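# Descriptive analysis of the structure
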Amino acid sequence: MSDTGTAARRLTPSGSNAARTHGWVFIHAARRPFFAHLESELGALFGSPARLQWSQQSAVPGSWRTEFPWAGPSGTAAALMSRLRMFPHLYAEATEHAVGESPGMRFALTPDLGLWSAAMSASGDVMVNESALRTALGGAHDAMVARIEELLGEPWDAALEPLRASGERTSAPLLRVV
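Here is a short report on the structure shown in this document. (Residues numbered from 1 in each chain as written. Predicted model: local features only at pLDDT ≥ 70, side-chain atom pairs only at ≥ 80, totals over all residues. Heavy atoms only, no water.)

Here ten bridges tie strand β1 (residues 20-31) to strand β3 (residues 63-73), and the two strands are oriented antiparallel to one another. Across the sheet, residue Gly-23 finds its bridge partner in β3, namely Trp-70. Relative to strand β4 (residues 91-96), β1 runs antiparallel, the two being bridged by four bridges. The residue bridging Ala-29 from the neighbouring strand is Tyr-91, located in β4. (Pairing = 2+ DSSP bridges. Helix = DSSP H or I, 4+ residues; strand = E, 2+ residues; numbered from the N terminus.)

Structure (structure tokens):
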């Protein structure tokens, strides 16, 4: 069973001079009582009502999933994940493609781990800055390995992988901030 609707229509953000980019949002698990609130937050960000298509998430009983592409100014994925992190029990990911001199971004959110983000190369690899890597290398071996895994988002990938593979795929309309 799925709830169907239409995506937000095109809008012009006020005062946005940021470079244009695009990406995907994956809400892997959300509770039904939060649908209206989630769609309201997305509508506020994209400037138009967001009516998402939800399907059951078999990996988390009582949860639902959705995914959709988006287009808008650089920084949209960060703004979106900042809004999503306030919802309890939410599992989500977002990507933002590289544009100009700005790298792409990847975000992951779980209730237990919180929010993780990293720069992403054009080929989808996580990019770790030199300072963070040097700090990780300064610890004992086990601590170093754990810190490098954290920098790469390994704990988030491990938590999200079972949710990525389960549930029906939704036909996702593009949400656009123009």
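For the rest of this paragraph, the subject is the pairing of strand β6 (residues 114-120). Two strands pair when backbone bridges link them, and strand β5 (residues 104-110) and β6 are joined in this way by seven bridges, in the antiparallel orientation. Following the sheet pairing, Leu-109 is matched in β6 by Leu-115. The hairpin turn running from β5 into β6, its antiparallel successor, is three residues long. Sheet topology note: the β6/strand β7 (residues 126-127) ladder contains two bridges and is antiparallel. Bridging from a neighbouring strand, Ala-119 pairs with Met-127 of β7.

Moving on to the side chain of Thr-95. Here Thr-95 lies in strand β4. You can call Thr-95 buried: its relative accessible area is 17%. (Buried < 20%, exposed > 50% of the residue type's maximum accessible area, 1.4 Å probe, protein only.)

Here we come to the environment of Asp-125. Mapped onto the elements, Asp-125 comes out in the loop between β6 and β7. Each C-alpha atom of the pair Asp-125 and Gly-104 lies 9.6 Å from the other, and the pair is 21 residues apart in sequence. In contact with Asp-125, other than residues within four places in its own chain, are Ala-119 and Met-120. At 3.1 Å, the side chain of Asp-125 and the side chain of Ser-123 are in polar contact. (Contact = heavy atoms within 4.5 Å. Polar contact = N/O pair within 3.5 Å; in protein donor to acceptor, adjacent residues only side chain to side chain.)

Turning our attention to unusual backbone geometry. Positioned with a positive phi, His-89 is a non-glycine residue whose angle comes to about 65°. Within the secondary structure, His-89 is located in the loop between α2 (76-84) and β4.

Our focus in this paragraph is the pattern of salt bridges. This model, assessed by the stated rule, comprises nine salt bridges. With a shortest N-O distance of 3.0 Å, Glu-41 and Arg-83 are connected by a salt bridge. Of the two residues, Glu-41 is situated in helix α1 (residues 35-46) and Arg-83 in helix α2; the sequence distance between them amounts to 42 residues. Across the salt bridge formed by Glu-67 and Arg-65, the nearest N and O atoms sit 3.3 Å from each other. (Salt bridge = Lys/Arg side-chain N within 4 Å of Asp/Glu carboxyl O.)

This paragraph deals with the packing of helix α3 (residues 130-137) against helix α4 (residues 141-152). It is at 8 Å that the axes of α3 and α4 come closest, and there the two elements cross at 155°. In terms of orientation, α3 lies roughly antiparallel with respect to α4. Contact residues: α3 offers Ala-132, Leu-133, Ala-136 and Leu-137, while α4 offers Met-144, Arg-147, Ile-148 and Leu-151. Taken together, the residues of the contact of α3 with α4 break down into seven nonpolar, no polar and one charged. (Axes fitted to C-alpha atoms, helices over the stretch in contact; angles between N-to-C directions. Parallel < 35°, antiparallel > 145°, perpendicular 65-115°, else oblique. Nonpolar A, V, L, I, M, F, W, Y, C, P; charged D, E, K, R; others polar.)

Turning next to the environment of Ala-98. With respect to the secondary-structure elements, Ala-98 resides in the loop between β4 and β5. Discounting chain neighbours no more than four positions away, the residues touching Ala-98 are Thr-21, Pro-103 and Gly-104.

Scanning all chains against the criterion turns up five aromatic pairs. Relative to Phe-26, the ring of Trp-24 lies with its centre 5.9 Å away and its plane at 15°, an arrangement referred to as stacked. Where Phe-35 meets Trp-64, the ring centres are 6.1 Å apart and the plane angle is 85°; that geometry is what we call edge-to-face. Here Phe-35 is found in helix α1, whereas its partner Trp-64 is found in strand β3, with 29 residues between them in sequence. Like Phe-35, the residue Trp-64 is buried in the burial classification. Grouping aromatic residues by their ring pairs yields a cluster made of Phe-35, Trp-54 and Trp-64. (Phe/Tyr/Trp six-rings, centres within 6.5 Å; stacked < 30°, edge-to-face > 60°.)

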